[in-house]
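The primary structure of each chain is shown beneath.
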Amino acid sequence: MARLKVNLESGWKSRLEAQFDLPYMKALQVYLLDRAKTATLYPPIAQRYSAFNATPFDQLKVVILGQDPYHGPGQAHGMCFSVLPGVRVPPSLRNVYKELQADLNIEPVQHGYLQSWAEQGVLLLNSVLTVEDGQAAAHQGKGWEQFTDCVIERISAETQGTVFLLWGAYAKKKGQIIDTQKHCVLSSAHPSPLSVRGFTGCKHFSKTNEYLQSQGRVPIDWKLPLLPV
């Protein structure tokens, strides 16, 4: 099988391109093509690597690590927790907004498009990059975890002073890969309504900015535009 053609930002491409030639990634490609014959997969192929293209490697400051994409129609677009303009804000993201308000007194917006975070250096990465319609976690254990392990390894090894926000047990597993001597790792429960009590009060947004400033870096403006742009 020919290698899957993937458009990646140049900094990510130089670090990740070799993965697409490895047996696990080829097997994942075969699996996804097969599933697409009978199931609807999210996000669309063209948006599968949106997080990397929205946040160039050399501009990276923060990694928010989720679990897998939203599994409802029109929701997932390749950036964890984010939805495109016009799509209703999902419950997990509403809880993120509530924490943002409690932490930094930032009023929730009426959309769920997190592009402005990504453009400031916040990589919105899921541990698993695809899912099936109505089937949460459908593609766990199929190879994506190895790919995103590689992503985390590259970030840990080749950047300095990056903040990792690990939300949920699935994301926390990635913490073992991160060099905590070089980076800041903040963990909490997932903001899903099922586990939000362990997320509420984490103050990850203010803690992120405090750490970035301690490293002499520009903090993140977590206030989203009132209208998605």
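Residues numbered from 1 in each chain as written. Predicted model: local features only at pLDDT ≥ 70, side-chain atom pairs only at ≥ 80, totals over all residues. Heavy atoms only, no water.

> Please explain the overall build of the protein as it appears in this structure.
Looking only at helices and strands, the protein features 8 helices and 6 strands. Moving toward the C terminus, one meets the helices and strands of the protein in the order α-α-β-α-β-α-α-β-β-α-β-α-β-α. Summarising its shape, the C-alpha atoms of the protein cover approximately 50 × 35 × 30 Å along the three principal directions. Carbon and sulfur atoms make up 51% of the accessible area of the protein, which totals about 10700 Å². Computed over 23 positive and 19 negative side-chain charges, the inter-centroid distance for the protein is 3 Å. (Helix = DSSP H or I, 4+ residues; strand = E, 2+ residues; numbered from the N terminus. Areas by Shrake-Rupley, 256 points an atom, 1.4 Å probe, with all protein chains shown as cover. Lys, Arg positive; Asp, Glu negative; His and termini not counted. Charge placed at Lys NZ, Arg CZ, Asp CG, Glu CD.)

> Whenever I open this one, the sheet that holds strand β5 (residues 163–167) confuses me. Can you help?
Backbone hydrogen bonds are what pair the strands of a sheet, in a parallel or an antiparallel way. On the basis of which strands lie adjacent, the open sheet formed by 4 strands has the order β3-β2-β5-β6 and parallel pairing. Single-partner strands in this sheet number two, and they are β3 (122–126) and β6 (184–188). Averaged over all pairs of adjacent strands, the angle between their axes in this sheet comes to 15°, without regard to strand direction. The sheet contact formed by β5 and β6 spans 5 bridges and is parallel. Of the residues in β6, the one forming a bridge with L166 is S187. Against the sheet, helix α6 (residues 144–158) engages β2 (62–66), β3 and β5, with an angle of about 155° to β3. (Pairing = 2+ DSSP bridges. Axes fitted to C-alpha atoms, helices over the stretch in contact; angles between N-to-C directions. Contact = heavy atoms within 4.5 Å.)

> Is there a simple way to explain the environment of R88 in this structure?
Examined against the element boundaries, R88 turns out to sit in the loop between β2 and α4 (91–104). By relative accessible area, which is 71% here, R88 ends up exposed. If sequence neighbours within four positions are ignored, R88 has contacts with V83 and R94. (Buried < 20%, exposed > 50% of the residue type's maximum accessible area, 1.4 Å probe, protein only.)

> For this particular structure, what's the right way to read the state of the cysteines?
Here a disulfide denotes one covalent bond, and it connects the sulfur atoms of two cysteines. Scanning the entire structure with this criterion turns up 0 disulfides. Between C80, a cysteine without a disulfide, and C202, which holds the nearest cysteine sulfur, the sulfur-to-sulfur distance is 14 Å. With no disulfide of its own, C202 lies closest to C184 among cysteine sulfurs, the gap being 12 Å. (Disulfide = S-S within 2.5 Å.)

> Would you mind going over unusual backbone geometry with me for this structure?
Trans is the common state for peptide bonds, and a negative phi is the common state for residues other than glycine. Backbone torsion omega between Y42 and P43 reads -10°, so that peptide bond is classified as cis. A positive phi angle is found at A137, which is not glycine, with a value near 65°. Positionally, A137 belongs in the loop between β4 (131–132) and α6. For K203, which is not a glycine, the phi torsion comes out positive at approximately 55°. Turning to its location among the elements, K203 is positioned in the loop between β6 and α8 (204–214).

> Honestly, the pairing of β2 in this entry has me stumped. Any pointers?
Moving residue by residue along a regular strand, the side chains alternate between the two faces of the sheet. Burial runs high along β2: 5 of the 5 residues are buried. Burial along β2 is two-sided: the face carrying V62, I64 and G66 and the face carrying V63 and L65 are both buried. In the sheet, β2 pairs with β3 via 5 bridges, with the strands oriented parallel. The partner of G66 across the bridge, within β3, is N126. Of the pairings in the sheet, the one linking β2 to β5 comprises 4 bridges and is parallel in character. What sits directly across from V63, in β5, is F164.

> Looking at this structure, how should I read the packing of helix α2 (residues 23–35) against α6?
The geometry of a pair of packed helices is captured by two quantities: the angle between their axes and the separation between those axes. Taken N-terminus to C-terminus, the directions of α2 and α6 make an angle of 135°; their axes are 9 Å apart at the nearest point. Compared by their axis directions, α2 and α6 come out oblique. The interaxial crossing formed by α2 with α6 has left-handed handedness. On α6, the residues that touch Y24, M25, L28 and L32 of α2 are W144, Q146 and F147. (Parallel < 35°, antiparallel > 145°, perpendicular 65-115°, else oblique. Left-handed = near helix turned anticlockwise from the far one by under 90°.)

> Is there a simple way to explain the pattern of salt bridges in this structure?
Close approach of charged atoms allows side chains of opposite charge to pair. Taken as a whole and assessed by the stated rule, the structure comprises 4 salt bridges. Between E132 and R35 there is a salt bridge, and its shortest N-O distance comes to 2.8 Å. Taken as a pair, E132 in strand β4 and R35 in helix α2 lie far apart in primary sequence, 97 residues in all. Measuring nitrogen to oxygen at the nearest pair gives 2.6 Å for the salt bridge that ties D149 to K174. (Salt bridge = Lys/Arg side-chain N within 4 Å of Asp/Glu carboxyl O.)

Such coordinate-based values are descriptive only and should not be taken to indicate function.
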